[in-house]
Every structure is written in structure tokens, then in C-alpha cells.
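One letter stands for each residue in the lines below.
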Amino acid sequence: DGRLTFAPGNKVVQLPFINYIRQMGAVFLNSYTNSPICCPSRAAMWSGRFVHLTEAWNNYKCLPSNATTWMDHLKKAGYHTHSMGKLDYTSGSHSVSNRVEAWTREVPFLLRQEGRPVTDLVGDGATLRVMSKDWNTTDRAVQWIRTNAAALSQPFALYLGLNLPHPYRTEDLGPTAGGSTFRTSPYWLKKAGVLIGACYTPTNQVSLEQVSVPKWLPFSEMHPVDYYSTFTKNCSGDFSEQEIRDIRAFYYAMCAETDAMLGEVIAALRDTGLLSSTVLLFTSDHGDLAMEHRQFYKMSMFEGSSHVPLLMMGPGIKTGLEISLPVSLVDLYPSVLDIAGVQIPGDLSGHSLMPLASQNNKQSPHPGWVLSEYHGCNANTSTYMLRMGQWKYITYSDGMSVPPQLFDLSKDKAELHNVASRYPGVVKQLDKVLHSVVDYPTVTKTVQHYNKQQFVAWKQSLGNNYTQVIANLRWHIDWQKNPQYNEKAIEDWLTGSE
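A few points on the structure. Every value quoted in this text rests on a predicted model; they were computed, and no experiment measured them. (Residues numbered from 1 in each chain as written. Predicted model: local features only at pLDDT ≥ 70, side-chain atom pairs only at ≥ 80, totals over all residues. Heavy atoms only, no water.)

## Comments concerning the overall build of the chain
Then step 1. Within the chain one finds 17 helices and 17 strands.
Then step 2. Its C-alpha atoms give the chain a radius of gyration of 22 Å, near enough to 23 Å, the size a compact globule of 498 residues would have.
Then step 3. In the chain, buried positions account for 57% of the 498 residues.
Then step 4. Of all intrachain contacts in the chain linking residues separated by at least 6 positions in sequence, the fraction that spans at least 24 positions is 72%.
Then step 5. Put simply, the chain has 43 plus and 44 minus side-chain charges, and the middle of one group is 3 Å from the middle of the other. (Helix = DSSP H or I, 4+ residues; strand = E, 2+ residues; numbered from the N terminus. Rg over C-alpha atoms; globule rule 2.2 N^0.38 Å. Buried < 20%, exposed > 50% of the residue type's maximum accessible area, 1.4 Å probe, protein only. Contact = heavy atoms within 4.5 Å. Lys, Arg positive; Asp, Glu negative; His and termini not counted. Charge placed at Lys NZ, Arg CZ, Asp CG, Glu CD.)

What follows is the structure, encoded as C-alpha cells:
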């Protein structure tokens, strides 16, 4: 969640190394993902192009393996390039359940697709390395910096991709389960000053009051797409305040562990004498709602899900700079090339952020708005978000069949008051800007056609096993309550008009 990288969000959990980058460089206060889910978001970052241009519709359908990335441009320009850890921007990965849920999202049934969000406390007060896979990747990156980067005669570009603070897979729900477990140790909970056993341990970082319990709208007042998300994410049941507070606290603790990995990289750069000559960027593919709006995970345009961290420090970047202009992940591609002095291709959706962050005071070409779009699972129609000035405008499908949302973030940071009906002029103005960027009704139709086409091909590939396979995906508990109805609903969807 990008809001944890600056005030007041940075008061909730101690993130010393993110704070260090903020003090020594620039922090973007309104940085957004271009699609709030793993693979499409990363596809936008690596390609520098909006999701509808690359047709990265879901976690299964993203970039081709031979797509040209900013790393390719750097390598061609003489940089030594190296990538480690989670990349996840090409097509073909993620679970079968994930892709089928995306393809069938407009089928008129409601099935829980995720495990109920839970917490898992492991280890003790000395357990630092909870997410061992990410720590191992960080160790390899640190070793590479110390032994390889320090010896290079050419400039280098290193990408380190982590999985944290993504929730862990809930293993007791079986092999098809998604990530609904927030796992940490007492060590990291102490960093967040939060629940250990039956009491809160006070620290000098935060207080109990800062681990808040967000306000929820009643079901009757929820937007229909938000209700679908809440239900399919298995969050429509009862939660105690303690459960909600614990989930949020564990998420903050997972963020603290992530920050510690960043600290290892900074230390390696410092110890090798490379820190002062290296530009360091920190960002994320999406956030986590952590029970805001009665949801966890991502797949939403609400701030917890779509607002991502973006900080940079290094040669030529102003120190202690806070930039309020809305920016997004497609801006990283031209920014990295700008930093390296490499020619920026003309077909990118993003704009270099260096005029905003550098000491040269160049005029920025950035338009001052950002686009995010979502076409995957846990939302039952295509979603488009335009962030501009004080406003966040969210529209759906063809712009007419589903009501829009409009939030004034200067007055409603919790996004509890949809003021679209109160400000029709603002809606009209923002929708005009959105239409100038993307013909979203046409994109929605393209996605609908793709979803049916892919589902039919998958169904045919299963032959006589189809009924058994589809009944045992992540939604199996709800599916098996009425399998005949669910199969018929899919057949009616397939034969209906788009």
C-alpha cells in the first residue's frame, strides 16, 4: 500500500529503509498501478504501455515472452543487466482457477473464490526470516552486488522482484487455494507495535490506535461490483474487530519484513561504494485492501489496492522531495531510459518522471492524470479508473449498464461517499478525458469476446472431464451446492449476446 510510505500512513509501521529513500530522494504521493493485479500490472511496468494496448487481460494473458522491455534497451545501450526473483509479466502462468474465474466473471452466479482471510503467527521474537524464498532471493542479489556489480567496468541495472507483502497461500484449503493467509512472526509484529498473544506490545514506533478498524458500508449501500468482490473474496461473513485489526496488523508486519530486505540491498550498495552513483527505485505491482471496504487482496480501484509506493533516490534526484502529481507504473519505462540517457521510444503510454524528480527543473510532459483498468477475476465487469486532481473516477463495462463512482479524495480519503450523482458535470468532464485515452466500451467488448473464446477452448480441451474439473476449482464448496444450476448458467452465458 503506497500510503504507508508517507505521512500519516508511515506512522502505522516502522519502515526505516523506505523512510531513508524518502529522505534522500523523492516520494510520489499519488502513484498508481495500471491494473490492480500481479501480471497485468507488471506487464504495464515492463512494457510502458497501458493494459488495453498490450491486451494483458488477466493473470494468464499478459505479454509475449519476446516482448521488448526497458531492460532490453539498457542492455543494448551497454548496460550489464540482471533480473532476480519474481518477474511475472508474461502469459501462461498462475492457476487454472484464476484464469477460469476471470473468463466467467460475467456469469450470473455468486461463488466464493478465495479462502477467508486469516492470520498465521509463526516463530518467536527472534524470527526475522519468515518469507524464506524472498530472503534467499535478496541474499543472491546482495551477493551479486558485492561480487559482480562492484567489479564491473560498465554500468549495471539490477531488478529484484519480491513476493511480499502478498498474502501466503492458505495451504489447508488444498492445492487450488489462493493467497488468503497473512503470516508473520512476533519479531515483525513488534515492529508494527501490534498484537502479540493477548495484549499489545507498545513500542516507540506506533500505538494501538494507529492499527485502525476501517468503516464498512452496509451491503445495501455497496456498489454492485464491490459487493461481488466482497462475496467472491469470501469476506461477506462476520468478522470481529479483533480479526480485522489482526489482519491489518499482520499485513503491516509483512511490509516491515519487506522493508528489511530493501535495507540489505542498500547496505550492499553502501558497503561496495556504489550507493552514491546508483539510482535506486522502489515500487510495487499493487497494494492490499487489508479489510478496507470489507475486502482483502487487490482487484479493486480503492486506494488500498491501486495506490502503490514509488520512491527513488540517486544522482540527479532532489532530496526530501514529495511529488503530488498522479503518476503510474507505465511511467517507469521512460524514466529508467531517461536516467540512463537512452533514447525513449515514441509508442509508450508513460512519461519520464525525471523532470518532476530531478535537480534540473525541466518542464514535465506528464499530463497530470493516470489510467488504471481491470479485466480479471473477483470483479464481474471491466473497470476503468481515471485519477486526476482531487478526483477518482471509476466507470464500468460500457459506461451505461453499471453506475459509475466518483470520489473526492481531498475530503473523502476513505472513499465511502460516491458523489457521482452530486457532480454530473465532473463525471462528464472526466469521462471525456477517459474516452480520449481509451475507447473503453469497445475494450470491454473485446474482453468479453476473449473470455468466451478462451473458456470454450478450455472446456473442449477437457472433454468428458469438464464437469469434474470445473466443480473442483477454488469455488468448489459453493459450486457443489448446486452444480446443475452453475453449469447451466455458464451455458446460458456462452450462448447469450456480448
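## Some remarks on the pairing of strand E17 (residues 405-408)
Then step 1. Judged by which residues are buried, E17 turns out to be covered on both faces: Gln-405 and Phe-407 on one side and Leu-406 and Asp-408 on the other are all buried.
Then step 2. Across 4 bridges, the pairing between strand E16 (residues 391-396) and E17 is antiparallel. Each residue of the ladder has a partner; that of Lys-392, found in E17, is Phe-407. (Pairing = 2+ DSSP bridges.)

## Observations concerning the packing of aromatic side chains
Then step 1. Taken as a whole and assessed by the stated rule, the structure comprises 24 aromatic pairs.
Then step 2. Pairing Trp-46 with Trp-70 gives two aromatic rings, centres 4.5 Å apart and planes at 0 degrees, and the pair type is stacked. Within this pair, whereas Trp-46 is found in helix H2 (residues 38-47), its partner Trp-70 is found in helix H4 (residues 70-76), the two being separated by 24 residues in sequence. As far as burial versus exposure is concerned, Trp-46 and Trp-70 are alike and both buried.
Then step 3. Residues Phe-296 and Tyr-297 carry aromatic rings whose centres are separated by 5.1 Å and whose planes lie at 20 degrees to one another, so their mutual orientation is stacked. For the pair formed by Phe-296 and Tyr-297, the shared burial category is buried.
Then step 4. Each residue in the set Phe-182, Tyr-251, Tyr-252, Phe-296 and Tyr-297 is aromatic and connected to the rest through ring pairs, giving one cluster. (Phe/Tyr/Trp six-rings, centres within 6.5 Å; stacked < 30°, edge-to-face > 60°.)

## Re the sheet that holds strand E10 (residues 280-283)
Then step 1. Strand order in the open sheet made by the 4 strands is E10-E11-E1-E12, with mixed pairing throughout. The sheet is open, and its two edges are formed by E10 and strand E12 (321-323), each paired on a single side. If you compare each strand with its neighbour and ignore which way they point, the axes differ by 15 degrees on average. (Axes fitted to C-alpha atoms, helices over the stretch in contact; angles between N-to-C directions.)

## As for the side chain of His-166
Then step 1. By the element assignment, His-166 lies in the loop between strand E5 (156-161) and strand E6 (168-169).
Then step 2. Given a relative accessible area of 13%, His-166 falls into the buried group.
Then step 3. Reaching out from His-166, the side chain makes a polar contact with the side chain of Lys-298 at a distance of 2.8 Å.
Then step 4. If we ignore the near neighbours within four places in the chain, the residues touching His-166 are Cys-38, Met-254, His-286, Tyr-297 and Lys-298. (Polar contact = N/O pair within 3.5 Å; in protein donor to acceptor, adjacent residues only side chain to side chain.)

## Comments concerning the nonpolar core
Then step 1. Grouped together as the largest cluster of nonpolar side chains are 76 residues, with contacts concentrated most on Trp-70, Leu-406, Phe-455, Trp-458, Ile-470 and Ile-490.
Then step 2. Here this core gets 7 residues from one element, more than from any other, and that element is helix H14 (residues 440-462).
Then step 3. Aside from chain neighbours lying at most four places away, what touches Trp-458 is Val-96, Val-100, Trp-103, Tyr-466, Val-469, Ile-470 and Leu-473. (Core = buried A, V, L, I, M, F, W, Y, C linked by side-chain atoms within 4.5 Å.)

## Let's talk about the pairing of strand E11 (residues 310-313)
Then step 1. Judged by which residues are buried, E11 turns out to be covered on both faces: Leu-310 and Met-312 on one side and Leu-311 and Met-313 on the other are all buried.
Then step 2. In this structure, strand E1 (residues 26-28) lies alongside E11, joined through 2 bridges in antiparallel fashion. Residue pairing for E11: Ala-26 is matched across the bridge by Met-312.
Then step 3. Here E10 pairs with E11 via 4 bridges, running antiparallel. From the neighbouring strand, Phe-282 faces E11, where its bridge partner is Leu-311.

## Remarks on the sheet that holds E16
Then step 1. Strand order in the open sheet made by the 4 strands is E14-E15-E16-E17, with antiparallel pairing throughout. Bordering the open sheet on either side are strand E14 (369-374) and E17, each of which pairs with just one other strand. Strand-to-strand twist in this sheet, taken as the mean axis angle between neighbours without regard to direction, amounts to 15 degrees.

## A word on the side chain of Asn-19
Then step 1. With respect to the secondary-structure elements, Asn-19 resides in helix H1 (residues 16-24).
Then step 2. Within polar-contact distance, the side chain of Asn-19 engages the side chain of Arg-22 at 2.6 Å.

## Some points on the packing of helix H6 (residues 132-147) against helix H9 (residues 241-271)
Then step 1. Contact pair H6 / H9: the axes reach a minimum separation of 9 Å and the direction vectors enclose 10 degrees. The pairing of H6 with H9 is recorded here as roughly parallel in orientation. Between H6 and H9, the contacting residues are Asp-134, Trp-135, Thr-138, Val-142, Ile-145 and Arg-146 on the first element and Glu-257, Ala-260, Met-261, Glu-264, Val-265, Ala-267, Ala-268, Leu-269 and Asp-271 on the second.
Then step 2. Looking at the contact of H6 with H9 residue by residue, the class counts come to 9 nonpolar, 1 polar and 5 charged. (Parallel < 35°, antiparallel > 145°, perpendicular 65-115°, else oblique. Nonpolar A, V, L, I, M, F, W, Y, C, P; charged D, E, K, R; others polar.)

## Side note on the packing of H1 against H9
Then step 1. Running from N to C, H1 and H9 point in directions that differ by 55 degrees, and their axes come no closer than 7 Å. Between H1 and H9, the angle is such that the two are oblique. Of the residues in H9, those in contact with Pro-16, Phe-17, Ile-18, Tyr-20 and Ile-21 of H1 are Asp-259, Ala-260, Leu-262, Gly-263 and Ile-266.
Then step 2. Counted by class, the contact of H1 with H9 contains 8 nonpolar, 1 polar and 1 charged residues.

## Some thoughts on unusual backbone geometry
Outside of glycine, negative phi angles account for most residues, and trans bonds account for most peptide bonds.
Then step 1. Here the amide bond leading from Ala-7 into Pro-8 is cis, since omega sits at 0 degrees, within 30 degrees of zero.
Then step 2. Following Leu-164, the chain continues into Pro-165 via a peptide bond in cis, with omega recorded as 0 degrees.
Then step 3. Residue placement: Pro-165 occurs in the loop between E5 and E6.
Then step 4. Unusually for a residue other than glycine, Met-299 sits at a positive phi of about 60 degrees.
Then step 5. Within the element layout of this structure, Met-299 appears in the loop between E10 and helix H10 (303-306).
Then step 6. The exposure class of Met-299 is buried, given its relative accessible area of 4%.
Then step 7. Not every positive phi belongs to a glycine, and Asn-378 is a case in point at roughly 65 degrees.
Then step 8. Within the element layout of this structure, Asn-378 appears in the loop between E14 and strand E15 (383-388).

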